[in-house]
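# Tertiary structure, described
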Amino acid sequence: MASVNRKVLPGLALSLGYTVFYLSLLVLVPIAACFLKASSLSAEELWGAVWTDRARAAYLLTFGAAFVAAVANAVLGLLLAWVLVRYAFPGKRIVDSLIDLPLALPTAVAGLVYSALYVKKGWLGQYLVPLGIQGAYSRLGIVLVLIFVGLPFVVRTVQPILEDLDPESEEASASLGATRWQTFRSVILPTLRPALITGFALAFARGVGEYGSVVFISGNMPYKTEIAPILIVARLEEFAYGEATAIAVVLLLISFAMLILINRLERWSLRHEQ
Amino acid sequence: MTRLVSKLAVALALAASSAAAADVTLLNVSYDPTRELWRDINDHFIPQYKKTKGDNLAIKQSHGGSSTQARAVIDGLDADVVTLASVIDTDAIAQKGLITGDWVKRLPNSSLPYYSTIVFVVRKGNPKGIRDWPDLVKPGVEIVTPNPKTSGNGYLSFFAAWGSVITRGGSKKDAVAYVTKLYGQVPVLDSGARGATTTFVQKEIGDVHLAWENEAHLEVREAKGDLDLVYPPVSIRAEPHVALVDANVDRKKTRAAAEAYLKYLYTDEAQEIIAKHFYRPINDAVLKKNAATFPAGIKLFSVKEIAADFAAAHKELIGTGGVFDTIYKPKR
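Values in this document were obtained by computation on a predicted structure and should not be read as measured data. One numbering rule holds for all chains: residues counted from 1, following each sequence as written. A letter from A marks each chain and a number from 1 marks each ligand, given out in the order of writing. Residues qualify for local features only when their pLDDT is at least 70, as the model is predicted, and side-chain atom pairs are given and counted only at 80 or more; totals for whole chains, interfaces and linings, by contrast, use all residues.

The next subject is the overall build of chain B. Labels follow the DSSP assignment, with helices taken as runs of H or I lasting at least four residues and strands as runs of E lasting at least two, numbered in each case from the N terminus. Each helix and strand counted, chain B has 15 helices and 11 strands in total. Considered along the principal axes of its C-alpha atoms, chain B spans approximately 95 × 40 × 35 Å. Backbone-placed C-beta atoms define the burial measure: a residue is buried with 20 or more other C-beta atoms within 10 Å of its own, exposed with 12 or fewer, and partly exposed in between. The buried share among the 332 residues of chain B stands at 44%. A separation threshold of at least 6 residues defines the contact pool for chain B, and within that pool the share at least 24 residues apart is 73%. Throughout, a pair of residues is in contact if the C-beta atoms placed from their backbones lie within 7 Å.

Contact residues are listed per partner, giving 18 residues for chain A and 19 residues for chain B. Of all the elements in the fold, those that place two or more residues in the side of chain A that touches chain B are α6 (107-118), α11 (212-218) and α12 (228-237) of chain A. Ranked by the residues each element gives to the side of chain A that touches chain B, the list is headed by α12(A), at four residues. The residue makeup of the side of chain A that touches chain B, split by class, is 12 nonpolar, three polar and three charged. Throughout, the ten residues Ala, Val, Leu, Ile, Met, Phe, Trp, Tyr, Cys and Pro are labelled nonpolar, Asp, Glu, Lys and Arg are labelled charged, and all others, Gly among them, are labelled polar.

Note on definitions: a nonpolar core is a set of buried residues drawn from Ala, Val, Leu, Ile, Met, Phe, Trp, Tyr and Cys, linked by C-beta atoms within 7 Å. If you look at the biggest cluster of nonpolar residues, it comprises 101 residues, and the most contacted ones within it are Val145(A) and Phe159(B). If one sorts the elements of this core by residue count, helix α8 (residues 139-164) of chain A sits on top with 13 residues. Excluding residues within four positions of it along the chain, Phe159(B) makes contact with Ile236(B), Val303(B), Ile306(B), Ala313(B) and Leu317(B). If you look at the next biggest cluster of nonpolar residues, it comprises 41 residues, including Leu37(B), Ile41(B), Ile88(B) and Ile274(B).

All names here are of chain B. Counting buried positions along strand β6 (residues 208-212) yields five of five residues, so the element is predominantly enclosed. Looking at chain direction, strand β4 (residues 114-123) and β6 are connected through five bridges and run antiparallel. By the bridge assignment, valine 122 is partnered in β6 with valine 208. The pairing of strand β5 (residues 143-144) with β6 spans two bridges and is classified as parallel. Note on β6: the bridge partner recorded for isoleucine 143 is valine 208. At least two bridges found by DSSP between two strands is the condition for calling them paired.

Take the sheet that holds strand β9 (residues 243-244) of chain B next. All names here are of chain B. An order of β2-β1-β3-β9 is seen for the four strands of this open sheet, with the pairing classed as mixed. The sheet terminates laterally at β2 (56-64) and β9, the two strands that pair on one side only. The pairing of strand β1 (residues 23-31) with β2 spans nine bridges and is parallel. Bridged to valine 29 within β2 is serine 62. Contacts from helix α2 (residues 35-53) reach β1 and β2 within the one sheet, and its direction differs from that of β2 by about 170 degrees. The strands that helix α11 (residues 255-264) touches are β1, β2, β3 (81-83) and β9; relative to β1, the one it contacts most, it runs at about 50 degrees. Axes, fitted as lines to C-alpha atoms, cover a helix only where it is in contact. Angles between the N-to-C directions of the axes lie from 0 to 180 degrees.

The subject of this paragraph is the environment of Thr34(B). Its place among the elements puts Thr34(B) in the loop between β1 and α2. On a C-alpha basis, the gap between Thr34(B) and Gln61(B) in space is 9.8 Å, while along the polypeptide they are 27 residues apart.

How large an interface is tends to be reported as the accessible area lost when its parts come together. Residues and elements named next belong to chain B. Start and end positions for the domains come from either an automated domain assignment or a database one. Structurally, chain B comprises domain 1 (2-112 + 239-266) and domain 2 (116-238 + 294-328). With 12 residues of domain 1 at the contact, the number on the domain 2 side is 13 residues. It is helix α4 (residues 87-95) that contributes the most residues to the side of domain 1 that touches domain 2, three residues altogether. Here the residues of the side of domain 1 that touches domain 2 are counted per class, giving six nonpolar, three polar and three charged.

Among all residues except glycine, the phi angle is most often negative; among peptide bonds, the trans geometry is most common. All names here are of chain B. At asparagine 109, a residue that is not glycine, the phi angle is positive and equals roughly 50 degrees. Looking at where asparagine 109 falls in the secondary structure, it is placed in helix α5 (residues 108-111). Residue classification places asparagine 109 among the partly exposed positions, given that 14 C-beta atoms sit within 10 Å. The phi angle at lysine 253 is positive, at roughly 55 degrees, despite the residue not being glycine. Looking at where lysine 253 falls in the secondary structure, it is placed in the loop between α10 (246-252) and α11. With 10 C-beta atoms packed within 10 Å, lysine 253 lands in the exposed category.

On to the environment of Ala55(A), then. Residues and elements named next belong to chain A. Summarising the element assignment, alanine 55 is placed in helix α3 (residues 53-86). A residue is classified by how many C-beta atoms lie within 10 Å of it, and alanine 55, with 18 of them, is partly exposed. Taking the C-alpha atoms as reference, alanine 55 lies 30 Å from serine 24; in sequence the two are 31 residues apart. When residues no more than four places from it in sequence are discounted, the contact partners of alanine 55 are Val50, Leu231 and Ile247.

Further remarks concern α4(B). All names here are of chain B. Within α4, eight of the nine residues are buried, which leaves the element mostly enclosed by the surrounding structure. The complete set of buried residues in α4 reads Val87, Ile88, Asp89, Thr90, Asp91, Ala92, Ile93 and Ala94. For α4, the secondary structure elements touched by its buried residues are α3 (66-74), β3, β9 and α14 (310-317). Phi turns positive one or two residues past the end of α4, at glycine 97, with a value near 85 degrees.

Right, let's get into the environment of Ala92(B). In this structure, Ala92(B) sits in helix α4. Taking the number of C-beta atoms within 10 Å as the measure of exposure, Ala92(B) has 21 and is therefore buried. For Ala92(B), the residues in contact, after removing those within four places along its chain, are Phe239(A), Ala70(B) and Ile74(B).

Written out as structure tokens, the structure is:
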């Protein structure tokens, strides 16, 4: 009898087929359409559309602001998750559910509210603007709303890992004479690192794609506070579909490259831990 | 048996008569601030159409940014009529073959049942003394206007500012210098007209808001004394054309109703409604009757006085690499 090559898990063909079909329908086909539309341009037109001084300033701002916001979210999100897991206090349930609110709120609302708060006559702006802190119509404003929309990601990826973390290992570390900082750095942080990186990547990707809130708080000044998606809208207004999608393709490629990089980092950090 | 037959006949006759009074649904695809105007016009036109033609008409409205709406129609939104803010948008639909022939000439007054312009809204009592375009670039004056790249209000404001120099004998160089200075004093470029209104009214940013005339009237009325309307001596004549979308009305068999709808806009009744919503009627008698709303002092110039046509003006001033792009280029 011929030996049959049996896989441990049955149904590979079916589940793989389903995965590819599903991904194609939702992600690959729209992205391919994007590439196809952009390829209707000649190489010269393409370059002229995506690589102007103004477009470069916009890419830098889009990715820069998303990066800064994701770093802030990694630190603040970790803190939030820590407080939610390790301490018991009244109203904890409510605080916990507040974390997800940025996902549900239309982001345009967030942009409008943030800018109204931070303008010269706003609740916060009346104290901050005299100090020279421009929270509305500035790069700071963009980072602020991106921190808002990215908030849930780090908290929700780190939280379950923290819950599983056994306090005994921290106690052991303390009993071996480690300071609190040493315990945090050598015991807690390595365990959390992969989740932290995942949360960071999600928050970062969310920030790159954000449009609704940013247009209301950035002021959209070319070279200063103009994000790349605004350029796409501007080209669409001229009925220049090809140029608009070309800019989208550049954003896609940069995002994809960065996500691969972050993925590598995550894997490296996992190996490092073991 | 005969009774049954006669009953059937009656039922059939009833069905036939109700089929004679057809149900027709029209879709009017328009731009953002016209929501109330079209609702009012539809409420008057529908009963009138029922009386004359006997058909039950329903008119749906769709509103959004003008060129976004044009793209939606190009991509298959079933518009019977389009009533968009600028001729570029209607032409874009025509270029795809959905509107045929020389559409501008098909209706009276070059398919323009009304027109509008860009005016100034200032703070109560006009503390910065803003009366005319040159006043905008005085030191310390902040101007609120939406992004010309993404908003019809935005590029019409730009055309108006540009034309205020050109139509009064200035050179192109003067005009470039003027708009460069002007946009240097614009603190925020909102993406659309309503965003700019929020910035000016709610967030109290800026000294003057360059707004659509109809929006300016509403803005001042709602501010209850906190804002004033200022008519500059000159401004742009904004021309929102109306057009039948041939491909759609032929497929949906709604041409007759759609044509009647557009023709209705030129009646005295419709012109009055248009004036009531602060759009300028083309009927001179109606315009004069509403002189309190539309002061005669303002001289409106056509886009043809600043360029060959609308598309050329947009390309030269707003399009990629145009004048607007050079304004923000950092000096090296």
